[in-house]
Amino acid sequence: FLVFGLLNETYYSTHLDSPKFTDTQQLVKHEPTLDVAPVDIYKVLRKTPELSVDERKKRFFDDYAGKWVTWRAKVHEIYIYESIASNLKLKPEDTKLYDVTAYFDPLYNDKLETLAVGDYVTVTGMIWGYYFLSNTTRLADAKIAHIDKAKDIVTSPAGK
């Protein structure tokens, strides 16, 4: 387990310095956002066998790191903490190939506590890192822009 953890953190992940948080809640920022989907990052970083891991890391820093995005995804797991960043594990699509982890300042725990697994959220955040072993894109300084509760989502019957 220790060897896996060391490799995961050192060789098979790439990320910026630890994200900083403010001491007061901020409104969702409307920073200029990068028009990229989580699947696009996955394809560039994982579906390019001709590139070495170092070349993929360089591409991550050149093209994605520090850029702001707005993504809609299904809540898969919720982790709420008081002294460290709370986070949501999100599934942008119905796939096991990749996911997104969005990190929130604990000041936003009240909003996170209203969520349930299966809800859909629109989050804004800064692309902070990528874990190659789990194919997870990480967002720092995330904020929730919109929530669609799972119980309120209506799908039409097949064939209609």
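Everything in this summary refers to the structure shown in the same document. No experiment lies behind these values; they were computed from the predicted model shown. (Residues numbered from 1 in each chain as written. Predicted model: local features only at pLDDT ≥ 70, side-chain atom pairs only at ≥ 80, totals over all residues. Heavy atoms only, no water.)

### Points about the pairing of strand S6 (residues 136–148)
Summarising the sheet, strand S4 (residues 99–104) and S6 pair through four bridges and their orientation is parallel. Bridge pairing in S6 links aspartate 99 to threonine 136. Pairing analysis gives ten bridges linking strand S5 (residues 120–131) to S6, with the strands arranged antiparallel. Looking at the pairing, methionine 126 lines up with alanine 140 of S6. Counting the residues in the hairpin turn of S5 and S6 gives four residues, including asparagine 135, whose phi is positive at 55°. (Pairing = 2+ DSSP bridges. Helix = DSSP H or I, 4+ residues; strand = E, 2+ residues; numbered from the N terminus.)

### Observations concerning the pairing of strand S2 (residues 68–79)
Walk down a regular strand and you will see the side chains alternate between the two sheet faces. Here S2 pairs with S5 via seven bridges, running antiparallel. Within S5, the position partnered with tryptophan 68 by the bridge is methionine 126. Here five bridges tie S2 to strand S3 (residues 86–91), and the two strands are oriented antiparallel to one another. Within S3, the residue paired with valine 75 across the bridge is leucine 90. Where S2 folds back onto S3 in an antiparallel hairpin, the turn is made up of six residues.

### Focus: the pattern of salt bridges
The full count for this structure, using the stated rule, is eight salt bridges. Lysine 89 is the salt-bridge partner of glutamate 77, the closest N and O atoms lying 4.0 Å from each other. Highlighted residues: glutamate 77 in strand S2 and lysine 89 in strand S3, separated in sequence by twelve residues. Its relative accessible area of 24% is what places glutamate 77 among the partly exposed residues. In this structure, a network of salt bridges that share partners links the residues Glu77, Lys89, Lys91 and Asp99. (Salt bridge = Lys/Arg side-chain N within 4 Å of Asp/Glu carboxyl O. Buried < 20%, exposed > 50% of the residue type's maximum accessible area, 1.4 Å probe, protein only.)

What is shown is where atoms sit, not what they do.
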